[in-house]
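Tertiary structure, described
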Amino acid sequence: MPSLLKKVKSRLFIAARRRTLGMLDGEYGSVFKGRGLDFDELRPYVPGDDVRDIDWKATARHGSPLIRRYISVRRQTVLLVADTGRNMAAASKDGNAKREVALDALGLIGFLALRHGDDVALVHGDAEKTRYFPPRTGEEHLERLLGAIHDSAGRESPRSDLSCQLRFTLRNFRQRMLVFVVADEFLPDAETESLLRRLQARHEILWLTVRDAALAVEAHAELAPCPRGFKTVDISDGTYLPDAPAARPSVRRAYAEAMKEREGVRREFYRRLGVTEGVTGGDDVVPALFRLLELHRMTGRAHAG
Amino acid sequence: MELTLWWMLPLATAVGIVATLILLRRGRGKQPQRRYIAHRERLAALPEYRRALRSHRRWLWIAAVSAGVLLAAAVVAAARPVQSDVVQPETRNRDIVLCLDVSGSMGSTDSALVEVFADLAKEFDGERIGMVIFDSRAVQLFPLTDDYAYISTQLQAARDAFDGKEGTSGFFDGTWSGAGSSLIGDGLATCVQSFPAGDDTGAETGPERSRSVILATDNFLSGTPIFTLEEAGELATTRGVHVHALNPGDFDSGDASDQPGARLKAVAEGTGGVYATPDSPDSVSDIVAKVQATEALSYRAAPEAVVTDSPAVPLAVGLLAGASLLIAAWKLEP
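Predicted model only: the values in this text are computed from it and were never measured.

This part covers the packing of helix H3 (residues 47–78) of chain B against helix H10 (residues 312–332) of chain B. Residues and elements named next belong to chain B. Where H3 contacts H10, the two axes come as close as 8 Å, and the packing angle between them is 155 degrees. With respect to H10, the element H3 is oriented roughly antiparallel. As H3 runs across H10, the sense of the crossing is left-handed. Only Pro314, Leu315, Val317, Gly318, Ala321, Gly322, Ser324, Leu325, Ile327, Ala328, Lys331 and Leu332 of H10 make contact with H3, whose side of the interface consists of His56, Trp59, Leu60, Ile62, Ala63, Ser66, Ala67, Val69, Leu70, Ala73, Val76 and Ala77. The residue inventory of the contact of H3 with H10, partitioned by class, reads 18 nonpolar, five polar and one charged.

As structure tokens, then:
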């Protein structure tokens, strides 16, 4: 089996021309690691580092910005929460399965956590079962987690219900940790809202939404929503969705309008709960994560400080 | 409505079933690739999409039904639908006897009448014509016949004689040998007798034929006929013969019923015929046409079964189905 983690790393290193890793690294560190009391070292500034961490005296002596690093207060746990129900095997906006996009994002966050010496745990599942991998460190462990996600989110898997995984998380973990959730563009119901509210009080939540495949192209767009020779089929029950009606201008307009509204409702939902939400279409996982971390820092949700 | 090649229908049905099976089998082999998506309610819940989907489905149905109807219509048309009718062809079966007074005053009228009938005879089909000429005696030139070539030559000879051509004087032989001239009653009686006895003997078995006598005379009687005009008229009535009288010289003085013209008219109309007084020989043809019209009796011959191709209905249905299929295809094009 090709290493899933290697794929993630290669995305990080190659596609983003090496700089991204440093940026994401700094972002992660400044968001989650916080500042302990024991000074560790000085290191060059990379974009993404908290400006408060700059050692101005040293910078003045050295000529370029330097960052003071402290020994981490404590080893923290990053809990990856993933929906591995049937929905995640469906197409994302860029055409790949949403599962692949989720793997990229989870792998990246897990990798960053490992680099900072944090433990990574995983809760994933569907409407019928929820599986838990306890926190550990090491790339083999992360690889195993990614493999579990990859293998369970298939077309034949039970349907998705993320509230099961959220409930599991709420029940089983008292200790504060960083919860990184990857979900698709589902509209959260009242139960999910109450779960999330309680979860948010106890943990620190980062939420990444993977965009679903477009069902009708936006009005005036040239691209067909579905490549020729393909049938659009709903993954939940195999319902065939004819493309010809979706190509009508009136339908496309209405769809664009409805999508805008849905987007607004979803954003408002996470904003109300105070959950930092990022969005990725599938081909922009790295920048999306960077934006997510940046946003999280800006909104001051970071626990350290 | 029957089908000539009725086996076309089961054959086409069998071909259709086999083709459907083959297509189904091939279709099962290569399913179109699928793009799996989630949260279809994003699109499926839109009223615009539902409406578009309904109309899409409707056009799909129309296309499917049109294609089916088109195929069925083509098969039915290929099976050669025929219309088999039982028709009773109209036959013209009139018997006409030309009854011509050949006294000296009648030459031009007789000539015109014969000419008209010579023309008519060319179009006759089923009618029979006989000819009797009379003066002091009646002579049957030819009996009722449908030998139109013979009729034509006889009428030509009569015309030549009436026109006074040379060498035709023998034509009138036998008409002068009695006493007097223009013995109309005898002439008419002879004409009436020249019809087959018919109902009198019960020998007539063929279809009923209308009988008419065209009597051309000026009714200037001189001498004592065996039959008076009225007696001859009665004879005609009993035999069911219509007497149409042409009187070129109606010289009646006053309206008295014993005047020759009035008597002739009474007799003619008494038999259900027409009485006419042509002003000139040219108007004879109009009068004959009028007579023809009153005699326009048609009889039904034995019923006949006629089989005709009638592909119009299936072809029209196929055309309509094809048109609606085209429209549906155009509507389904995204």
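Our next topic: the confidence of the model for chain B. Residues and elements named next belong to chain B. For chain B, mean pLDDT is 81; residues scoring 70 or higher make up 88% of the total. Within the model, the stretch residues 200–205 combines pLDDT values under 50 with four contacts to residues more than four positions away or in other chains. As scored by the predictor, the complex reaches a pTM of 0.60 and an ipTM of 0.75.

So, on to the sheet that holds strand S6 (residues 128–134) of chain B. Residue and element names in this part refer to chain B. Taken together, six strands build an open sheet; the order of strands is S7-S6-S5-S8-S9-S10 and the sheet is mixed. Two strands in the sheet have a free side with no partner beyond their single neighbour: strand S7 (138–145) and strand S10 (275–276). Strand direction decides the pairing type here: strand S5 (residues 94–101) and S6, joined by seven bridges, are parallel. Paired with Asp101 across the bridge in S6 is Phe134.

The subject of this paragraph is the side chain of Glu185(A). As for its placement among the helices and strands, Glu185(A) is situated in the loop between strand S6 (178–184) and helix H7 (190–202). Among the residues examined, Glu185(A) registers a relative accessible area of 7% and is labelled buried. Within the local environment of Glu185(A), its side chain forms a polar contact with the side chain of Arg266(A), the two groups lying 3.5 Å apart. Excluding residues that lie within four positions of it along the chain, Glu185(A) makes contacts with Thr209(A), Val210(A), Arg211(A), Asp212(A), Arg262(A), Glu263(A), Arg266(A), His39(B) and Arg42(B).

It is worth spelling out the interface of chain A and chain B at this point. The partner chain B presents 21 residues to the 40 residues of chain A that form the contact. The junction of chain A with chain B conceals about 2900 Å² of combined surface from both sides, 63% of it contributed by carbon and sulfur atoms. When the area that chain A buries against chain B is broken down by residue, the three leading residues are Leu215(A), Lys231(A) and Val233(A), summing to 17%. Here chain A is connected to chain B by three salt bridges. A salt bridge links Asp237(A) to Arg40(B), with the shortest nitrogen-to-oxygen separation between them at 3.0 Å. Seen at the junction of chain A and chain B, the total is 14 residue pairs in polar contact (both at pLDDT 80 or more). When residues of the side of chain A that touches chain B are traced back to their parent elements, those giving at least two are strand S8 (230–234), helix H8 (243–246) and helix H9 (249–273) of chain A. Sort the elements by how many residues they give to the side of chain A that touches chain B and H9(A) lands first, with seven residues.

A few words on the packing of aromatic side chains. Residues and elements named next belong to chain A. Scanning the entire structure with this criterion turns up seven aromatic pairs over all chains. Where Phe168 meets Phe173, the ring centres are 6.3 Å apart and the plane angle is 70 degrees; that geometry is what we call edge-to-face. For Phe173, a relative accessible area of 10% corresponds to the buried category. Relative to Tyr270, the ring of Phe269 lies with its centre 5.1 Å away and its plane at 80 degrees, an arrangement referred to as edge-to-face. Each member of the pair, Phe269 as well as Tyr270, carries the same accessibility label: buried. Ring pairing ties together the aromatic residues Phe186, Trp207, Phe269 and Tyr270, which thus form one cluster. Above the face of the Tyr240 ring, Lys231 is positioned so that its terminal group lies 4.5 Å from the ring centre.

The tally for this structure, following the rule as stated, stands at 22 salt bridges over all chains. The closest approach of N and O atoms between Arg211(A) and Glu185(A), which form a salt bridge, is 3.4 Å. With Arg211(A) in the loop between strand S7 (204–210) and S8 and Glu185(A) in the loop between S6 and H7, the pair connects residues that are 26 residues apart, well separated along the chain. Across the pair Glu41(B) and Arg262(A) runs a salt bridge whose closest N-O atoms are separated by 3.8 Å. Of this pair, Glu41(B) sits in helix H2 (residues 41–44) while Arg262(A) sits in helix H9, each in a different chain. The class of Arg262(A) is buried, set by a relative accessible area of 11%. Because the salt bridges share partners, they merge into one network encompassing Glu185(A), Arg211(A), Glu263(A), Arg266(A), Arg267(A) and Glu277(A).

Right, let's talk about the pairing of S5(B) for a bit. Taken residue by residue, a regular strand's side chains alternate between the two faces of the sheet. All names here are of chain B. A large share of S5 lies buried, amounting to eight of its eight residues. On S5, burial covers both faces: Arg94, Ile96, Leu98 and Leu100 on one face and Asp95, Val97, Cys99 and Asp101 on the other are all buried. With seven bridges connecting them, S5 and strand S8 (residues 210–216) associate as parallel partners. Directly across from Leu100, in S8, lies its bridge partner Ala216. Following the backbone out of S5, through helix H4 (residues 107–123) and into the adjacent parallel S6, one traces a crossover that is right-handed.

What counts and how
Residues numbered from 1 in each chain as written. Chains lettered and ligands numbered in written order. Predicted model: local features only at pLDDT ≥ 70, side-chain atom pairs only at ≥ 80, totals over all residues. Heavy atoms only, no water. Axes fitted to C-alpha atoms, helices over the stretch in contact; angles between N-to-C directions. Helix = DSSP H or I, 4+ residues; strand = E, 2+ residues; numbered from the N terminus. Parallel < 35°, antiparallel > 145°, perpendicular 65-115°, else oblique. Left-handed = near helix turned anticlockwise from the far one by under 90°. Contact = heavy atoms within 4.5 Å. Nonpolar A, V, L, I, M, F, W, Y, C, P; charged D, E, K, R; others polar. pLDDT = per-residue confidence, 0-100. Pairing = 2+ DSSP bridges. Buried < 20%, exposed > 50% of the residue type's maximum accessible area, 1.4 Å probe, protein only. Polar contact = N/O pair within 3.5 Å; in protein donor to acceptor, adjacent residues only side chain to side chain. Buried area = accessible area lost by both parts, 1.4 Å probe. Salt bridge = Lys/Arg side-chain N within 4 Å of Asp/Glu carboxyl O. Phe/Tyr/Trp six-rings, centres within 6.5 Å; stacked < 30°, edge-to-face > 60°. Lys NZ or Arg CZ within 6 Å of the ring centre and 35° of its normal. Right-handed = clockwise from strand over helix to strand, strands pointing away.

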